[in-house]
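One letter stands for each residue in the lines below.
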Amino acid sequence: MNITNKTSDLTISCETGNYHTMCPISCVSWLYQTIAGSFFLVIGTKTCGYFLQNALGVMIFSSPRYAMAELEEADISSQLNDFKELKRIMSQIKSDRNPSVIVCILTCTPEIIKMDLEGMAPLLEAELNVPIVVARANGLDSAFTQGEDVVLAAMVGHCGQAAQGSTPSALPKPGVRPSAEPQPEGNSEVKSLVLFGSLPSSLANQLEGELKRQGVNVKGWLPSARYSDLPLLGENVYVCGVNPYLSRTATALIRRGHCKYTASPFPIGPDGTTAWITSICKTFGIVPTGLIEREAKIWESLRPSMDLLKGKTVFFMGDNLLEISLARFLVRCGAVVLEVGIPYLDRRYQSAELALLEQTCKDMGVPLPRIIEKPDNYFQTIRIKELLPDLVITGLAHANPLEARGITTKWSIEFTFAQIHGYSNSAALLELLTRPLRRNNNLNVSQGSLKQQNYVPG
Ligand code: SF4
């Protein structure tokens, strides 16, 4: 992975990690929809079940392709045999839903009791004849969107190896069918591009179309729309991420998949999309055409909404790892970002995005935001009281309490589920960011007076 060596003026500090976020097991809600025919089995306790049931709302009434395997006392005290119990549950899943793959999510409790599911998975795969992916996504060591990162990193081990020169390709793991597409033989110089990150298929097609226009063909996606189409990896495979929270996947692709990583800002906002396409083109030795004009046209169309943000101060409490990309887009729209809270910042994986944020602040003539990794929500509320930002981007826990104190908020969770990537979704992204400001205008609320009168911390 490339490391930015240039000296940065950005201040990145770390607090206590006492912040609200969603549990990473929530990733099942979007991943089961991206990988057709997959089934997600969350192995945990009632706590995890309650969380999923509440967080995913009406989705639970649509026979989703995920379920909980709830541990009982007898499981925790090893009176029941883990292997037999899992085989029984998975056999039932196989007969009821006939999945193409079962993804097992190990939550906090199996982590604490050291359940060795990685050891059992090959035996279960052989007995049930269904591929099993084991991902340790839990609240002990990751936050919200990082659940997707853990699952995709685990899937890297299930991708086959592309043929290198005349060397025959490595055998795929049990249950994995190699791609039907013929691979170039005897030509070790052919570069191919694999994108990683879970996006709805319409959005993935849009990004592929943008690259195709520049002459770059996307060879595959991780995750693929079907499990049997997982991409082949290897030395001539270049990988690029579409989401800022996939640092473990990037590392797994480099170390286990032997791929080459293309460091790039993420395709969020017109500026990010241009930078993303440009970085990929550079990797493939292509000079991109028409991007500057395309981007300028989109900024022009966004101008009325951007006027709403001009000079407005924004504060990110931080819970989903999209914060740096969103802050960069907001600064480019004319806002001043005061603080960017973020649960975890991989400075190598986000190096290009951090550099673009810094450059954008300099270009727009605004101060650099303070970046706080693992923020402390209590300290943040004190800073919000002092700074009185025009917009606070925060989770559900703080949104209504801050609104009641006259601070305008935007729910951060919406950015995870809305389509925000690429040129074509820039207007929708800006609409989301400015919706609370529009609402205030419509209600004729004087934020300044509200803030001064109502803010009572604690
Ligand atoms: S934090 Fe742990 S116990 Fe709580 S819902 Fe998430 S995985 Fe389950």
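Okay, so let's go over this structure. These numbers were taken from a predicted model, which means no experiment stands behind them.

The rules behind each value
Residues numbered from 1 in each chain as written. Predicted model: local features only at pLDDT ≥ 70, side-chain atom pairs only at ≥ 80, totals over all residues. Heavy atoms only, no water. Phe/Tyr/Trp six-rings, centres within 6.5 Å; stacked < 30°, edge-to-face > 60°. Helix = DSSP H or I, 4+ residues; strand = E, 2+ residues; numbered from the N terminus. Buried < 20%, exposed > 50% of the residue type's maximum accessible area, 1.4 Å probe, protein only. Near = heavy atom within 4 Å. Nonpolar A, V, L, I, M, F, W, Y, C, P; charged D, E, K, R; others polar. Pairing = 2+ DSSP bridges. Axes fitted to C-alpha atoms, helices over the stretch in contact; angles between N-to-C directions. Contact = heavy atoms within 4.5 Å. Core = buried A, V, L, I, M, F, W, Y, C linked by side-chain atoms within 4.5 Å. Parallel < 35°, antiparallel > 145°, perpendicular 65-115°, else oblique. Left-handed = near helix turned anticlockwise from the far one by under 90°. Patch = residues over 30% accessible without salt bridge, like charges linked within 9 Å, V, L, I, M, F, W, Y side chains within 5 Å. Areas by Shrake-Rupley, 256 points an atom, 1.4 Å probe, with all protein chains shown as cover. Salt bridge = Lys/Arg side-chain N within 4 Å of Asp/Glu carboxyl O.

**A few points about the packing of aromatic side chains**
Here's step 1: Applying the stated criterion to the full structure yields ten aromatic pairs.
Here's step 2: Aromatic side chains phenylalanine 266 and tyrosine 349 sit 5.4 Å apart centroid to centroid with 50° between the ring planes, which places their arrangement in the tilted category. Here phenylalanine 266 is found in the loop between strand E9 (260-261) and helix H10 (269-283), whereas its partner tyrosine 349 is found in the loop between strand E11 (336-342) and helix H13 (351-364), with 83 residues between them in sequence. For the pair shown, phenylalanine 266 and tyrosine 349 are each scored as buried.

**Considering the site of the ligand**
Here's step 1: Cys23, Cys48, Thr107, Cys108 and Gly139 make up every residue found near the ligand.
Here's step 2: By residue class, the composition of the shell around the ligand is three nonpolar, two polar and no charged.

**As for the environment of serine 100**
Here's step 1: Tracing the sequence through the fold places serine 100 in the loop between helix H4 (82-97) and strand E4 (101-106).
Here's step 2: On the basis of relative accessibility, which here comes to 29%, the residue serine 100 falls in the partly exposed class.
Here's step 3: Sequence separation of serine 100 and tyrosine 227 is 127 residues, and the distance between their C-alpha atoms is 6.5 Å.

**Concerning the environment of leucine 52**
Here's step 1: Along the chain, the position of leucine 52 falls in helix H2 (residues 46-55).
Here's step 2: Sequence-wise, leucine 52 and cysteine 23 are 29 residues apart; in three dimensions their C-alpha atoms are separated by 8.9 Å.

**Concerning the sheet that holds strand E13 (residues 391-394)**
Here's step 1: Judged by pairing direction, the sheet is parallel, and its six strands sit side by side in the order E1-E12-E11-E10-E13-E14 without closing on themselves. Each edge of the sheet is formed by a strand with only one pairing partner; in this case those strands are strand E1 (11-14) and strand E14 (409-411). Across the sheet, the mean angle from the axis of one strand to that of its neighbour is 15°, orientation sign disregarded.
Here's step 2: Pairing geometry for strand E10 (residues 313-316) and E13, over three bridges, is parallel.

**Structural notes on the sheet that holds strand E3 (residues 66-70)**
Here's step 1: Spatially, the four strands line up as an open sheet ordered E3-E2-E4-E5, and their pairing is parallel. The open sheet terminates on both sides in strands that have one partner only, identified here as E3 and strand E5 (132-135). Within the sheet, the average angular offset between the axes of one strand and its neighbour, ignoring direction, is 25°.
Here's step 2: Looking at chain direction, E4 and E5 are connected through four bridges and run parallel. Note that in E5 the partner of cysteine 104 across the bridge is valine 134.
Here's step 3: Strands strand E2 (38-44), E3, E4 and E5 of the sheet are contacted by H4, whose axis makes an angle of about 155° with E2.

**What to know about the nonpolar core**
The nonpolar side chains of soluble globular proteins are, as a tendency, buried together.
Here's step 1: Counting residues in hydrophobic clusters, the biggest one holds 104 residues, and the most contacted among them are Phe40 and Ile105.
Here's step 2: When residues of this core are assigned to their parent elements, the largest contribution, seven residues, is made by helix H7 (residues 146-156).
Here's step 3: If we skip the residues at most four places from it in the chain, isoleucine 105 touches Ile25, Val28, Phe40, Leu41, Val42, Ile43, Ala135, Ala137 and Val151.
Here's step 4: Among the nonpolar cores identified, the runner-up in size contains 20 residues, and Leu86, Met90, Leu124 and Val134 belong to it.

**Structural notes on the packing of H4 against helix H6 (residues 117-128)**
Here's step 1: Relative orientation of the contacting elements H4 and H6 amounts to 45°, with a least axis distance of 11 Å. If you check the angle between H4 and H6, you find them oblique. Seen along the crossing, H4 lies across H6 with a hand that is right-handed. Contact residues: H4 offers Asp82, Phe83, Leu86, Lys87, Met90, Ser91 and Lys94, while H6 offers Leu117, Met120, Leu123, Leu124, Glu127 and Leu128.
Here's step 2: For the contact of H4 with H6, the per-class residue count stands at eight nonpolar, one polar and four charged.

**Topic: a nonpolar patch on the surface**
Here's step 1: A grouping of Tyr378, Phe379 and Ile382 is seen on the molecular surface, where their side chains present a nonpolar patch of about 300 Å² in accessible area.
Here's step 2: By the element assignment, isoleucine 382 lies in helix H14 (residues 377-387).
Here's step 3: Note on isoleucine 382: relative accessible area 33%, which makes it partly exposed.

**Brief notes about the packing of helix H12 (residues 323-332) against helix H17 (residues 426-443)**
Here's step 1: Here H12 crosses H17 at 90°, and the two axes come no closer than 12 Å. Relative to H17, H12 is oriented roughly perpendicular. Along its contact with H12, which presents Leu326, Phe329 and Leu330, the element H17 presents Ser426, Leu429, Leu430 and Leu433.
Here's step 2: Tallied by class, residues from the contact of H12 with H17 come to six nonpolar, one polar and no charged.

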